Amino acid sequence: MQIIKHRSELTPLSTRLRSEGAKIGFVPTMGALHQGHISLVEQSKNRTNITIASIFVNPTQFNDQKDLDKYPKPIEQDIAMLEAAGCDILYLPQADDIYGPITEVTDTFDLGGLDLGLEGASRPGHFAGVAQVVKFLLEITRPDILFLGQKDYQQCLILTQLVGSLQMPVEIAMCPIYREPNGLAMSSRNVRLSADIRQKAGAIYATLQYAVTLIPILSPEEIQQTAIASLNTLANFKVDYFLILNAKNLQPITGQEKVSAILIITAVIVDGVRLLDNIVME
Ligand code: AMP
């Protein structure tokens, strides 16, 4: 695996590879890699000829300095995992290689209002930071396909809207959520949970699955209330949201319109760690 730290080296390389006929896949990450990230690399290897991963803990998408400071950075282990997965190129920049002199979010993007609710409501400015860094990363890496995880479902929709509105020539592939044996969605933040709490956090996915079974029986509001009440009974669990939405536009389901895909999505703060999960029902 080639490790590249500067866009002045990466962009010409990517451009040359594409002109020679290679299809390029890109997997952006913030490091602290786990099998969920590696599953994105594997999907990229299945669908493209060259896989570029990036590791960059983007400061502009953290609105809580403590969360940024606590973000794990096991870089040697990350490199070994990417190498073992057969990743071709790792882009490992310092902030100035991406941003130059910019230190805050300067662009405004048309995110179609998708950024306002859910994670956007609890983390003001988060998606503006994500949109800006991903736009820069796409300009630097020039991929054919951008591989993203369904775990961050709202982020997938927002980035699809972003590349559409900027008319960037990149396809977005949303990859399934990779889970721990108890069903907990893998996340770099899971290492901050004690073994006991991490085991109990399997209840989040179990509750999403239970909600699926209730869809034909109860209204969205009733299901939401049941799920929130059940998760909040667990010690150190605090539901931020548990919602049943139209998966295409993140709007509530009114029962009036036809919905082709239903999204059941939740954020739960477990022992101070924010955990996300969702299920999409076509
Ligand atoms: P992050 O390093 O958390 O920014 O995540 C980088 C990419 O990996 C994002 O597209 C995430 O949605 C994706 N990802 C994170 N966790 C998982 C998971 N458990 N399964 C699949 N993809 C994931």
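The structure under discussion appears in the preceding block.
Calculation notes
- Residues numbered from 1 in each chain as written.
- Predicted model: local features only at pLDDT ≥ 70, side-chain atom pairs only at ≥ 80, totals over all residues.
- Heavy atoms only, no water.
- Salt bridge = Lys/Arg side-chain N within 4 Å of Asp/Glu carboxyl O.
- Helix = DSSP H or I, 4+ residues; strand = E, 2+ residues; numbered from the N terminus.
- Buried < 20%, exposed > 50% of the residue type's maximum accessible area, 1.4 Å probe, protein only.
- Core = buried A, V, L, I, M, F, W, Y, C linked by side-chain atoms within 4.5 Å.
- Pairing = 2+ DSSP bridges.
- Axes fitted to C-alpha atoms, helices over the stretch in contact; angles between N-to-C directions.
- Contact = heavy atoms within 4.5 Å.

### Observations concerning the pattern of salt bridges
One pass over the full model with this rule turns up 13 salt bridges. The shortest N-O distance in the salt bridge between Arg18 and Asp144 comes to 3.2 Å. Pair noted here: Arg18 is in helix H1 (residues 7-19) and Asp144 is in the loop between helix H7 (126-141) and strand E5 (145-149), with a separation of 126 residues, a long-range link. The exposure class of Asp144 is buried, given its relative accessible area of 18%. A salt bridge links Lys135 to Glu139, with the shortest nitrogen-to-oxygen separation between them at 3.4 Å. On the criterion of helical spacing, the pair formed by Lys135 and Glu139 is a turn pair, its members being four residues apart in helix H7. Residue Glu139 is classed as partly exposed on the basis of its relative accessible area, which comes to 32%. By sharing partners, the salt bridges in this structure join Glu119, Arg123, Asp240 and Arg274 into a single network.

### Section: the nonpolar core
In this structure, Ile89, Ile98, Leu138 and Leu250 are the most contacted members of the largest nonpolar core, which totals 47 residues. When residues of this core are assigned to their parent elements, the largest contribution, nine residues, is made by H7. Within the second largest apolar cluster, 24 residues are counted, among which are Leu193, Leu208, Ala211 and Val239.

### Quick notes on unusual backbone geometry
In this structure, Leu250 takes a positive phi of about 65° despite not being glycine. Assignment of secondary structure puts Leu250 in the loop between strand E7 (237-246) and strand E8 (262-270). With a relative accessible area of 12%, Leu250 lands in the buried category. For Asp271, which is not glycine, the phi dihedral falls at a positive 50°. One can find Asp271 in the loop between E8 and strand E9 (273-281). Looking at Asp271, the relative accessible area reads 40%, which means it is partly exposed.

### Observations regarding the sheet that holds E8
Taken in spatial order, the three strands of this open sheet run E7-E8-E9, and their pairing is antiparallel. Since the sheet does not close on itself, it has two edges, and those belong to E7 and E9, each with one partner. Across the sheet, the mean angle separating the axes of adjacent strands is 10° when strand polarity is ignored. Helix H10 (residues 202-214) rests against E7, E8 and E9 of the sheet, and its axis sits at about 30° to E9.

### Section: the pairing of E9
E9 sits mainly inside the fold: seven of its nine residues count as buried. Pairing geometry for E8 and E9, over nine bridges, is antiparallel. Bridge pairing in E9 links Ala267 to Leu276. Here E8 folds back onto E9, and the loop between the two strands holds two residues, one of which, Asp271, carries a positive phi near 50°.

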